[in-house]
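Spelled out from the first residue to the last, the chains are:
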Amino acid sequence: MTDSVPESTRQTLDRLYENPENRLTSLFELAPDDERVESQLTMFKALANQHRIRILEALRDGELCACELQVVLDAPQSTVASHLRELKDAGLVKTRRQGKWTYYRIGDTAVLQLLDIADALTEEPV
């Protein structure tokens, strides 16, 4: 793997570190696992849509059925179903069947914390 490091980078590391090979090894260890990155990417892609954010915010107060989410989004059933499927596939929402109705709820409160962090990061400084 160290063979893939450009010569210019090697020269810089040679100047910066007493033992550049050890530093290279430690840098390669910092590289995140591909599976972890793919999982995070799936979650962030699911969040990258205003309808899906609105759904998650609506579910903050508890579970809702798809027909109630149609009202919240002011969108047709097909649009709501598509967004719910994306959220469910990412593990951000869970479902419960009751008769012919499907109810949706937050899959893990960590998603609400993530939305709160996004709010905090976008607040205007005082």
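Computed from a predicted structure; not experimentally measured.

Looking at this structure, how should I read unusual backbone geometry?
In terms of backbone geometry, most residues other than glycine have negative phi values and most peptide bonds are trans. Here the phi dihedral of Asp 74 falls at roughly 50 degrees; this positive angle occurs in a residue that is not glycine. Looking at where Asp 74 falls in the secondary structure, it is placed in the loop between α5 (66–73) and α6 (77–89). On the basis of relative accessibility, which here comes to 71%, the residue Asp 74 falls in the exposed class.

Mind showing me how you'd approach the pattern of salt bridges here?
As a working rule, side chains carrying opposite charge can pair if their charged atoms are close by. The final tally for this structure, using the stated rule, is four salt bridges. The shortest N-O distance in the salt bridge between Arg 10 and Glu 21 comes to 2.9 Å. With a gap of eleven residues between them, Arg 10 in helix α1 (residues 7–16) and Glu 21 in helix α2 (residues 20–30) connect regions that are remote in the sequence. Owing to a relative accessible area of 18%, Arg 10 belongs among the buried residues under this scheme. What emerges from the salt-bridge pattern is a single network uniting Glu 57, Arg 60 and Asp 116.

Can you walk me through a negative patch on the surface in this structure?
Residues Asp 33, Asp 34, Glu 35 and Glu 38 make up a contiguous surface patch of negative charge. With respect to the helices and strands, Asp 33 occurs in the loop between α2 and α3 (34–47).

Can you walk me through the packing of aromatic side chains in this structure?
To describe a pair of aromatic rings, one takes the distance between the centres and the angle between the planes. The final tally for this structure, using the stated rule, is zero aromatic pairs. The residue whose ring lies beneath Arg 96 is Tyr 103, and the NZ or CZ to ring-centre distance is 4.8 Å.

Where do I start with the nonpolar core in this structure?
As a rule of thumb, nonpolar side chains are buried together in soluble globular proteins. Ranked by size, the top nonpolar core spans 21 residues in total, and within it Ile 55, Leu 56, Leu 59, Leu 69, Leu 87, Leu 92 and Val 111 carry the most contacts. Elements represented by at least two residues in this core include exactly α3, α4 (50–58), α5, α6, β3 (101–106) and α7 (110–122). Excluding its chain neighbours within four sequence positions, the residues that come into contact with Leu 59 are Leu 64, Leu 69, Val 93, Tyr 104, Arg 105 and Ile 106.

Would you explain the side chain of Thr 102 in this entry?
As for its position among the elements, Thr 102 is in strand β3. A polar contact is formed between the side chain of Thr 102 and the side chain of Arg 97, at a distance of 2.6 Å. For Thr 102, the residues in contact, after removing those within four places along its chain, are Leu 64, Cys 65, Ala 66, Thr 95, Arg 96 and Arg 97.

Looking at this structure, how should I read the environment of Glu 68?
Counting through the fold element by element, Glu 68 comes out in helix α5. A C-alpha to C-alpha distance of 10.0 Å links Glu 68 and Val 80, two positions twelve residues apart in sequence.

Would you explain the packing of α1 against α2 in this entry?
The geometry of a pair of packed helices is captured by two quantities: the angle between their axes and the separation between those axes. Interhelical geometry of α1 versus α2 gives an angle of 115 degrees and a closest axis separation of 9 Å. Our pair here, α1 against α2, has a crossing hand that is right-handed. Residues Arg 10, Leu 13 and Asp 14 of α1 form the contact with α2, whose participating residues are Pro 20, Glu 21, Arg 23 and Leu 24. For the contact of α1 with α2, the residue count by class is three nonpolar, no polar and four charged.

What counts and what doesn't
- Residues numbered from 1 in each chain as written.
- Predicted model: local features only at pLDDT ≥ 70, side-chain atom pairs only at ≥ 80, totals over all residues.
- Heavy atoms only, no water.
- Helix = DSSP H or I, 4+ residues; strand = E, 2+ residues; numbered from the N terminus.
- Buried < 20%, exposed > 50% of the residue type's maximum accessible area, 1.4 Å probe, protein only.
- Salt bridge = Lys/Arg side-chain N within 4 Å of Asp/Glu carboxyl O.
- Patch = residues over 30% accessible without salt bridge, like charges linked within 9 Å, V, L, I, M, F, W, Y side chains within 5 Å.
- Areas by Shrake-Rupley, 256 points an atom, 1.4 Å probe, with all protein chains shown as cover.
- Lys, Arg positive; Asp, Glu negative; His and termini not counted.
- Charge placed at Lys NZ, Arg CZ, Asp CG, Glu CD.
- Phe/Tyr/Trp six-rings, centres within 6.5 Å; stacked < 30°, edge-to-face > 60°.
- Lys NZ or Arg CZ within 6 Å of the ring centre and 35° of its normal.
- Core = buried A, V, L, I, M, F, W, Y, C linked by side-chain atoms within 4.5 Å.
- Contact = heavy atoms within 4.5 Å.
- Polar contact = N/O pair within 3.5 Å; in protein donor to acceptor, adjacent residues only side chain to side chain.
- Axes fitted to C-alpha atoms, helices over the stretch in contact; angles between N-to-C directions.
- Left-handed = near helix turned anticlockwise from the far one by under 90°.
- Nonpolar A, V, L, I, M, F, W, Y, C, P; charged D, E, K, R; others polar.

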